[in-house]
Each structure stands twice: as structure tokens, then as C-alpha cells.
Amino acid sequence: MVAIDTTFLIDFYWQESPRHQIVVEMLRNWISSNTKIYVYYYCFNELAHVISNPKRFETPYSIKEALQIADTWREMNNVHILFPTENSFGRTIAWMSLYGLGCNRLNDTSMASCYANEGITELITANGKYFEIFNVFKIVDYNKTQVQNS
């Protein structure tokens, strides 16, 4: 049971990313071993926003293509898309206050609280430093290609 963040999805679809091959291999291994993959719903909104942006990509995806990508993930048997609950929303508010986080940390905190609420203990990301503060995940920061225990 693993959870991914938006960076994983972006690196998967951005073939020029220096991390592209790492995430392709990780996903291939998870699919072949039938590992449950959890994705916070908003990751797909962020993915669509990033990969369809001509300021970020020389040849961006169309918004229609980006939405088709989200739909493809939604249909995968071992992928579970998570949505906020009243409990995870309360945890988001508590963590934002407890750690003095600003508005730029709202989406990541909401995702982390949703994952924690679901009992997920392993988070796959290229931005491990954003999630260390919560001290509830084993963070696999594939940007550093190392595992950090929180």
C-alpha cells in the first residue's frame, strides 16, 4: 500500500524529466506485484494544470488529454483515489495551525491528512521535505533515491 503525490504523476508523463525512468520502473513494479496505489484526487487537478501549461512544457498536453490521463488512472484496478473526509479536513486544519503552515502548503497538507486518515504509512514523492513535518509517513523521496523514516 503506497501513496503518491503529484510530482510522481508529473515525472511519469514528462518524459524529459530526469526522474522519468525511476517512476516508470516503480509503477511497473507496483502493477506487476498488484500493489495498491493511493492517489489523492487533487493530484489529478494539479497534474492537468502543470502538463497542459505551455509555459512549462514545449509541447504541452491538451486539457482533454490531461483529463483522459486522470480517467485512465481512475479505471486502473489497483489505484484507489482518495477524497477528503470530515476527519481528514479536521486534521488538515489542525496541522496547518500546529505547524504554522501558510496557504502554499494547503494542498499538500490536505493530501497528507487524507492519506494519514486512510492509514497509509508510505508516501512516494520528489518533495520529501514537504511531508517530513507531519511525522506519520515513511517517505520515499525518489528525487534523492533514498528512503527517510519519519
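For the structure itself, consult the block above.
Fair warning: this is a prediction, and the values are worked out from it, not measured in the lab.

## A few points about the packing of aromatic side chains
Thinking step 1. Tallying each qualifying case throughout the model produces 12 aromatic pairs.
Thinking step 2. Taken together, a centroid distance of 4.9 Å and an interplanar angle of 80° make the contact between Phe12 and Tyr13 edge-to-face.
Thinking step 3. Ring plane angle 65° and centroid distance 5.0 Å describe the contact between Tyr40 and Tyr41, whose orientation is recorded as edge-to-face.
Thinking step 4. Among the aromatic side chains, those forming a connected cluster through ring pairs are Phe12, Tyr13, Phe44, Tyr61 and Trp73.

## Quick look at helix α2 (residues 20–32)
Since the α-helix turns once every 3.6 residues, residues separated by three or four places project in the same direction.
Thinking step 1. Helix length check: α2, at 13 residues, gives a terminal C-alpha distance of 18 Å against a target of 18 Å (1.5 Å per residue), a fit within 8%.
Thinking step 2. For α2, every residue scored as buried is listed here: His20, Val23, Val24, Met26, Leu27 and Trp30. Viewed along the axis of α2, the buried residues span an arc of 165°, placing them on a single side of the element. Exposed and facing more than 90 degrees away from the buried side of α2 are Gln21 and Ser32.
Thinking step 3. The inward-facing, buried residues of α2 abut β1 (2–4), α1 (6–13), β2 (37–40), α4 (63–75), β4 (122–125) and β5 (138–141).
Thinking step 4. Backbone geometry just downstream of α2 places Asn34 in the positive-phi region, at approximately 55°.

## Quick look at the pairing of β4
Thinking step 1. Burial along β4 is two-sided: Glu122 and Ile124 facing one way and Leu123 and Thr125 facing the other are all buried.
Thinking step 2. Note: β1 against β4, 2 bridges, orientation parallel. Bridging across to β4, Ala3 finds its partner in Leu123.
Thinking step 3. Bridge count between β4 and β5: 4 bridges; the pairing is parallel. Within the sheet, the bridge partner assigned to Thr125 lies in β5 and is Asp141.

Each value, and the rule that gives it
- Residues numbered from 1 in each chain as written.
- Predicted model: local features only at pLDDT ≥ 70, side-chain atom pairs only at ≥ 80, totals over all residues.
- Heavy atoms only, no water.
- Phe/Tyr/Trp six-rings, centres within 6.5 Å; stacked < 30°, edge-to-face > 60°.
- Helix = DSSP H or I, 4+ residues; strand = E, 2+ residues; numbered from the N terminus.
- Expected span 1.5 Å × (residues − 1).
- Buried < 20%, exposed > 50% of the residue type's maximum accessible area, 1.4 Å probe, protein only.
- Arc of directions from axis to C-beta.
- Contact = heavy atoms within 4.5 Å.
- Pairing = 2+ DSSP bridges.

The values are spatial; any link to function lies outside them.
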